[in-house]
Amino acid sequence: MAISRRSLLKSAAAVGALSAPGAVFAPALAQREPVRIGILAPRSGIAAAPGENGIRATQWAVERFNAQGGIAGRKIELVIAEESTPKDTIERFSKLVQQDKVDCVQGIISTGVGLALGPVVEEARALTIYWDGTTQDGVDEKIPNPRYLFRSTDNECEAIMSSLLTIKHWKGKFATVAGINPDYSYGRNNMAAFAAMLKRFGIEHKVVTEQWPKVGTMDLTSHVAALKAAQPDLIFSSLLFADLPVFMKQAHAAGLTKDTKLVFPAAGWQHTLMKKEFTPEGMLFGHNTLYFANPNASPLAKEFVDWYEKTHKDYPEWEADRAYFAIASYKAAVEKASKAKNGSWPAQDDVIEAMAGLEVESLGGKGAWRKDHIAEQTFVQGFTTHNNKYDFVTLGTFETMYAADLQKPAGANFWDWIKTAQFKV
Amino acid sequence: MIAFANILVGGVFHAAVLFLVAAGLQLVFGVQKIINLACGSFYALGAYFGITFIGYATDAGVSAWLILPGLVVAGILLGFIGPPIERLLRTVYDRDESFQLLLTFALVLMFQDVFRFIWGSNPRSLDSAYLIYGTISGREFSVPVYNLLVIAAAIATAAGLGAFLQRTDFGRILRATAENRAMAEALGVDVRRVYAAVFTLGTVLGTTAGALVVPTAAASLDMAIEFVVEAFAVVVIGGLGSMRGAFAGALIVGLIRAYSLVLYPELEVLAIYIIVIAVLLIRPAGLFGRPAA
C-alpha cells in the first residue's frame with residue numbers, strides 16, 4: 001500500500017499526541033492505579049538526619065491522606081530513592097521518572113544537587129517539588145523561569161529574619177562581629193546577607209574574623225580559639241550540620257558563649273542535640289519553618305509532633321515541614337485541577353497551573369506557591385531558654401514572619417533587593 | 001599574649017591527635033613498608049566504639065571521672081582487629097605499592113559501611129561529660145582540662161614509643177627488622193610475629209586517638225578519609241617512617257592550621273600544603289626522613 005505524505009504526517013501527529021506529557025488518554029486509564037510519588041532524600045552522610053525527618057513526615061502524610069481517600073480518590077504510593085551526589089541523584093531521578101513512572105518527584109535538600117537537577121527536571125518535563133536547597137548563587141543562571149520545577153523558599157530567608165531580629169533587639173549593643181559559617185554557598189551567602197542587612201540599616205560594626213570550616217569538620221578547637229582571639233561582641237553562624245553541636249560544645253568549653261551575643265539562624269536543624277549544658281540561654285536561634293514546641297501551632301502540627309515523638313522518640317525539625325508542605329501542595333493542586341475538570345484526573349499541565357498561586361496550610365503554618373514557582377512559608381526564630389522539660393534548649397520568646405517579608409520578589413536580584421526592600425523591623 | 005596561648009593550645013590539641021594517628025602510620029610503614037590508608041578507619045572506629053563503650057560504662061554506673069581512662073581502654077581493646085587485618089595484608093607485602101594502596105583503600109570503604117551498619121548514618125557524639133575535668137581559665141584564657149590531658153597522653157605516647165623502640169629488646173628487633181628484614185629473619189627473628197605486633201600497635205594508636213578525641217567532637221562516616229589526608233601531610237613533612245618526623249610534622253600542621261585561622265582563615269588548608277610542597281621541593285625525604293639510597 002502506498003503511503004502518502006499527508007497520511008504519514010497524520011499518523012506521526014497521532015503518535016505525538018499519545019506520547020506527549022500528560023497524555024490525553026493516560027488519566028482515564030490511570031484512575032484505578034495508585035498515585036506514585038518519588039522521594040529523593042539523603043539517607044546517609046551529614047544530611048541524613050534531615051532527610052529522615054522529611055521521609056518520616058511524608059510517610060505520616062501519606063498514611064493520613066490514604067485514610068481520607070488518597071488524592072482525588074487515588075491512593076498514594078511512595079517510591080523512595082537516595083539523594084547523594086549530583087550525578088547519582090540525577091540518575092535516580094531519571095529512574096523514578098522513566099522506569100518507576102512516578103507522577104511527581106519530591107525532595108532534595110542540597111543546593112548543589114538541586115542546581116544540577118533543575119535543568120534535568122525541565123528537560124524531563126516531570127513535575128518536581130524541592131523541599132529545600134535553594135541558596136541564591138547560580139539559581140537564576142541554571143534554573144531560570146522553571147515550568148516543571150517548584151522550588152523551596154530562598155535559603156537566605158533565615159539570615160534575613162535573624163538580621164532583622166538582631167537589629168530589633170541588639171541594635172547599639174554590639175560593635176564587633178565574627179562569623180563561623182560552613183564553607184559553601186549556603187554559609188557564604190548567609191554571612192554576606194547578614195552583613196548586607198546590617199549595612200542596609202546603617203548598623204556600625206566591624207567584622208573581626210570570618211571562619212569557614214569545611215562542612216563536617218569535627219575538630220573546631222582552632223576555629224574557636226581564633227574566634228576567641230578576635231573578641232567579638234556578636235557571632236553569626238549558619239552552621240547547621242553535626243558540626244554545630246560540636247562547635248557549641250567546644251565554644252562553651254572555651255568560655256566563648258558566656259558574654260557573646262549568638263545569632264544562629266539555622267540551629268533548629270540540630271535542635272535536639274543543642275543540649276542545655278553547653279547551649280546558653282538568650283541565643284538567637286532559628287527553627288526555620290517548623291518549631292516543634294510552638295504553643296500557637298495548629299492541631300495538625302500538634303498531632304504530627306505527638307505522633308513523631310511517640311513513634312520515633314524524637315522531635316521533628318523543619319525538613320519535616322518542608323516535606324509535608326510538598327506533598328500537601330501536590331494533593332491540593334491535583335484536587336483543585338480535578339474539580340475544575342468535573343472530577344476527572346487532571347493532566348500534569350493542569351496540576352502545574354493549579355499549583356501556582358495555591359495556598360496550603362503546612363505543619364509550620366501558612367504556606368503558598370508564587371506564580372514563579374517559589375514557595376512562601378512561615379518562619380520561626382527566637383531566644384533560647386532552659387526553662388522546659390527537655391535536655392535541650394527551646395525558645396522562650398519568639399517571633400514568626402512570613403516569607404513574603406523575607407525573600408526577594410519574582411525576578412529581582414537578591415543583593416539589589418536587600419538595598420531597597422522595605423523590611424518590617 | 002592570652003590570645004596567643006588560646007591558639008597555641010588549640011593547635012597543639014589538634015597536633016596531639018594527628019600525632020597519634022600519624023605515629024601508627026609511620027610505625028607500620030617503617031617496619032612493614034606498607035602505606036596503610038586504613039589508619040583513618042582505625043581512628044574512626046576508635047571514635048565510634050568509644051561512644052558505645054562510654055555509653056555502656058555510664059549505664060553500668062561508672063563514674064564520669066573515669067571517662068578518659070575508659071576511652072583509653074576502649075582504644076586498646078580494639079587492638080584485636082590488628083592481627084586479622086595484618087594477615088590480610090600479607091597477601092600484598094611483596095607486591096607493587098599500588099596493590100597495597102588499593103587494598104588499604106578498600107578497607108577504608110569497607111569500614112565505612114561497617115560503621116553505617118552498626119552505628120547508622122547520622123554522626124554520633126557524647127554529651128559534654130568531658131567537661132567534668134573542669135576548665136583552666138583566667139581573664140580571656142580558657143581551656144578544658146580534658147584537652148590538656150589528651151595533649152599529655154600524646155606526649156606520653158611519644159616518649160613511651162621512643163623508649164620502647166630504643167631501650168627494649170623487642171624495640172631493637174623491630175628496628176633491625178625495619179632496617180633489613182632478610183638479615184633479621186636469617187638471625188632468627190620471627191618476622192611474621194613482629195609484623196603482627198607492629199600492625200596491632202599501629203592500630204591501637206589510631207583507635208586510641210579516635211576514642212580520645214570523640215568527647216570533644218563527633219564520630220561521622222567521613223572522618224576516616226578527612227583525617228587520613230591530614231595525616232599524610234604530617235608524614236610528608238616529617239618524613240615517611242620517622243617517629244620524630246611524625247611528632248614534628250603533627251606540631252607543624254596543627255600550629256600552622258591554628259595560626260592561619262587567626263591571621264587569614266582562607267589559608268587554613270592552603271598554608272599546610274604550601275609547607276608540604278616546600279618540603280617536597282627542598283627536602284623530599286621529609287624533615288626527619290632518610291633519603292633513598
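Quick note: structure is the one above.
Residues numbered from 1 in each chain as written. Chains lettered and ligands numbered in written order. Predicted model: local features only at pLDDT ≥ 70, side-chain atom pairs only at ≥ 80, totals over all residues.

**Student:** Looking at this structure, how should I read the overall build of chain A?
**Tutor:** When helices and strands are counted, chain A shows 14 helices and 15 strands. For 425 residues, the compact-globule estimate of 2.2 N^0.38 gives 22 Å, and chain A sits close to it at 23 Å. Over its C-alpha atoms, taken along the principal directions, chain A stretches across nearly 90 × 45 × 40 Å. Here chain A holds 425 residues, and 52% of them are scored as buried. Considering only residue pairs separated by 6 or more positions, chain A has 71% of its internal contacts joining residues 24 or more positions apart. (Helix = DSSP H or I, 4+ residues; strand = E, 2+ residues; numbered from the N terminus. Rg over C-alpha atoms; globule rule 2.2 N^0.38 Å. Buried ≥ 20, exposed ≤ 12 C-beta atoms within 10 Å, placed from the backbone. Contact = placed C-beta atoms within 7 Å.)

**Student:** Looking at this structure, how should I read the pairing of strand 1 (residues 35–41) of chain A?
**Tutor:** Working note: regular strand, side chains alternate between the two faces of the sheet. Residues and elements named next belong to chain A. The element strand 1 is largely enclosed, with a buried count of six among its seven residues. Pairing between strand 1 and strand 2 (residues 76–82): seven bridges, direction parallel. Bridge assignment links alanine 41 to a residue of strand 2, and that residue is glutamate 82. Regarding the hand of the β-α-β motif, the stretch spanning strand 1, helix 3 (residues 48–67) and strand 2 is right-handed. The pairing of strand 1 with strand 3 (residues 104–107) spans four bridges and is parallel. Opposite glycine 38, over in strand 3, you have valine 105 as the bridge partner. (Pairing = 2+ DSSP bridges. Right-handed = clockwise from strand over helix to strand, strands pointing away.)

**Student:** Would you explain the interface of chain A and chain B in this entry?
**Tutor:** The parts lose accessible area when they come together, and the size of an interface is often stated as this lost area. Contact residues are listed per partner, giving 32 residues for chain A and 36 residues for chain B. Within the residue set of the side of chain A that touches chain B, elements represented by two or more residues are helix 3, strand 7 (206–211), helix 9 (221–230) and helix 10 (243–253) of chain A. By residue number, the principal contributor to the side of chain A that touches chain B is helix 9 of chain A, which donates eight residues. A breakdown of the residues in the side of chain A that touches chain B according to their chemical character gives 15 nonpolar, ten polar and seven charged. (Nonpolar A, V, L, I, M, F, W, Y, C, P; charged D, E, K, R; others polar.)

**Student:** Please explain unusual backbone geometry as it appears in this structure.
**Tutor:** A negative phi holds for most residues other than glycine; trans holds for most peptide bonds. Residues and elements named next belong to chain A. Positive phi is not limited to glycine here, since asparagine 288 has a value of about 55°. Within the secondary structure, asparagine 288 sits in strand 10 (residues 284–288). Here the phi dihedral of histidine 373 falls at roughly 70°; this positive angle occurs in a residue that is not glycine.

**Student:** Would you mind showing me how to read the sheet that holds strand 14 (residues 378–385) of chain A here?
**Tutor:** Two modes of strand pairing occur in sheets, parallel and antiparallel, and in both the strands are linked by backbone hydrogen bonds. Residue and element names in this part refer to chain A. Ordered in space as 7-6-8-9-10-14-15, the seven strands form an open sheet in which the pairing is mixed. Strands at the two margins of the open sheet, each flanked by one partner only, are strand 7 and strand 15 (394–402). Direction aside, the axes of adjacent strands within the sheet are offset by 20° on average. Sheet topology note: the strand 6 (residues 176–180)/strand 7 ladder contains five bridges and is parallel. Across the sheet, the residue bridging to threonine 176 is lysine 206, located in strand 7. Contacting strand 9 (261–264), strand 10, strand 14 and strand 15, helix 7 (residues 157–170) runs over the sheet at an angle of about 150° to strand 10. (Axes fitted to C-alpha atoms, helices over the stretch in contact; angles between N-to-C directions.)

**Student:** Just checking my understanding: could you explain the packing of helix 10 (residues 223–238) of chain B against helix 12 (residues 268–282) of chain B for this structure?
**Tutor:** If you want to describe how two helices pack, look at the angle between their axes and the distance between the axes. Residues and elements named next belong to chain B. Put simply, helix 10 and helix 12 touch, their axes get as near as 9 Å, and they point 35° apart. Every pair of crossing elements has a handedness; the one defined by helix 10 and helix 12 is left-handed. Where helix 10 approaches helix 12, its residues Ala233, Val236 and Ile237 are matched on the opposing element by Ile272, Tyr273, Ile275, Val276, Val279 and Leu280. Its residues assigned to classes, the contact of helix 10 with helix 12 shows nine nonpolar, no polar and no charged. (Left-handed = near helix turned anticlockwise from the far one by under 90°.)

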